[in-house]
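Architecture and fold: a report
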Amino acid sequence: MNSSSVIIPVPRDRRFYKGIDLFLLWAGGNTCLATIFTGGIIGPRLGILNSIMIILIASAIGGFLLGLVAVLGERKGLPTMVLTRNVVTIKGSYLASILNAIQLIGWTSILLYASAEAASQALKALFGETPISNIMVWIIVIGVIETIYTIIGPEKWILYQRIAVTTLLIVLAYETYALLNYMLSNPIELSFQANFTDFLWGFDMVLATAISWAPLVADYSRFAKTSLGAMFGTWWGYTITSYVLYSIGVLAAVITKAYLGDPTQVAISLGLEMFVFIFIAISAITTNLLNIYSAVISTMNVFHKANYRVLVIFYGGISTILALFPVFFLYFEEFLYYIGSVFVPLIAILITHYLYLERIKKPASKVKTIGLISWITGISISLLVVKFVGFGATLIALIITSIINVVLLHIT
């Protein structure tokens, strides 16, 4: 793969993803411990029923926004960061690409650390303290496998993804059944007093997590055969798995008091060690290959002569080193706020431009300049909301940035 394959639209005869392939791609990408952890964050603050209500609404909205970005990728045949060239200037797209690569390596290291820790615990329960149950060993093993998997490229992922994600979903279904049986056998307090700010905070957390995926979406939907397949495959691959995994995190955090809703210890206590291990091993790879691949594609938007395989190895190595010293994991909630502050306004501009503003006949330079101004303004508003309010930044940034971008283009 070279830079021309990134900045030049994918021809129709080279589109190889059907809707089911994108569904499995995003189901596999979203089925991971990080999704459970997000549910585990909101559960103790909102309670079970309130959390599930927020999850149902915010995940569907977030998934829909991902679907819209997927349609843009399919129509233009270009990855997300290349699409931003036409809305925030080329230099603005370079900044977005660098920030995107940083957030993706952050996500990769978070998931790699959490997955290696869970795999270590499962193997300790099976075999006791042995070299193969050492967390450092599994950080390196999973890090190497996901890097190799990423190198082969998305066209060759299709068969592997169908097998891996189908296996993953079967294991997840069995684990979910066993965990729900256990958790529902314990006393549950369904009613829970939560104020409006708590609801808005929970909504913001779930929506920010969804939009953290948006900068990746067109990287894969550019290979989609149809707009319908791109839209619904992406939307519901993400949304359905969000419903299941967020809910597991909520229940585990509220009922069993598991840290961040991590149900690993509960599953191990039920004798599901091998199922835990299989889930962890597969989910870490199917998620992180998306993170590493898109970090590479974002980088290739900036550095045109970069070598794909060298970048994959570089980012795979960096994320593995960061997992050995888990900085991002210690600041998980703050990390989500950072993502929302930067990328929510950008995605709002991207969607409004390609679905509406592209029809307005304005000079390209003016459109890009206004888009850049709108993005900077949206980031500023988002950061101010986080600093002085502490919640609601995602929703506010989506709405205000879209309005600013539309109004400025109409009045100038």
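Our structure's up above, just so we're on the same page.
The text that follows walks through the structure, step by step, so that each part is easy to find. All of these numbers come straight from a predicted model, not from anything done at the bench.

Scoring rules and cut-offs
Residues numbered from 1 in each chain as written. Predicted model: local features only at pLDDT ≥ 70, side-chain atom pairs only at ≥ 80, totals over all residues. Heavy atoms only, no water. Helix = DSSP H or I, 4+ residues; strand = E, 2+ residues; numbered from the N terminus. Rg over C-alpha atoms; globule rule 2.2 N^0.38 Å. Contact = heavy atoms within 4.5 Å. Areas by Shrake-Rupley, 256 points an atom, 1.4 Å probe, with all protein chains shown as cover. Lys, Arg positive; Asp, Glu negative; His and termini not counted. Charge placed at Lys NZ, Arg CZ, Asp CG, Glu CD. Salt bridge = Lys/Arg side-chain N within 4 Å of Asp/Glu carboxyl O. Buried < 20%, exposed > 50% of the residue type's maximum accessible area, 1.4 Å probe, protein only. Axes fitted to C-alpha atoms, helices over the stretch in contact; angles between N-to-C directions. Parallel < 35°, antiparallel > 145°, perpendicular 65-115°, else oblique. Left-handed = near helix turned anticlockwise from the far one by under 90°. Nonpolar A, V, L, I, M, F, W, Y, C, P; charged D, E, K, R; others polar.

Within the protein chain one finds 19 helices and 0 strands. A compact globule built from 412 residues should have a C-alpha radius of gyration of about 22 Å, and the protein chain, at 21 Å, falls within 12% of that. Put simply, 88% of the contacts in the protein chain that link residues at least 6 apart link residues at least 24 apart. Surface exposure of the protein chain reaches about 16100 Å², of which carbon and sulfur atoms provide 71%. Taken together, the 23 basic and 17 acidic charged side chains of the protein chain have centroids lying 18 Å from each other.

Below, the discussion takes up the pattern of salt bridges. In the structure shown here, the tally under the stated rule is 5 salt bridges. Between Asp21 and Arg162 there is a salt bridge, with the nearest N and O atoms lying 2.8 Å from each other. Taken together, the residues span a long stretch of sequence, with Asp21 in helix H2 (residues 19-30) and Arg162 in helix H9 (residues 157-184) at a distance of 141 residues. The partly exposed category is assigned to Arg162, whose relative accessible area is 35%. Between Arg45 and Asp198 there is a salt bridge whose closest N-O contact spans 2.8 Å. Placement of the pair is Arg45 in helix H3 (residues 33-46) and Asp198 in helix H10 (residues 196-211), with a sequence separation of 153 residues. For Arg45, a relative accessible area of 35% puts it in the partly exposed group. Looking at Asp198, the relative accessible area reads 12%, which means it is buried. Salt bridges linked by common partners bring Arg12, Arg15 and Glu74 together as one network.

Turning to the side chain of Ser115, a few remarks are in order. Checked against the element boundaries, Ser115 lands in helix H7 (residues 90-127). Filtering out sequence-adjacent residues up to four positions away, Ser115 remains in contact with Leu33, Ile142, Ile280 and Ala284.

Now for the packing of H7 against helix H15 (residues 308-324). One way to put it is that H7 packs onto H15 with a least axis distance of 8 Å and a crossing angle of 55 degrees. Relative to H15, H7 is oriented oblique. Handedness of the H7/H15 crossing: right-handed. Each of Ala101, Ile105, Thr108, Ser109, Leu112 and Tyr113 in H7 lies in contact with H15, whose residues at this interface are Tyr315, Ile318, Ser319, Thr320, Leu322 and Ala323. Partitioned by chemical class, the residues of the contact of H7 with H15 number 8 nonpolar, 4 polar and no charged.

Purely geometric numbers; function is a separate question.
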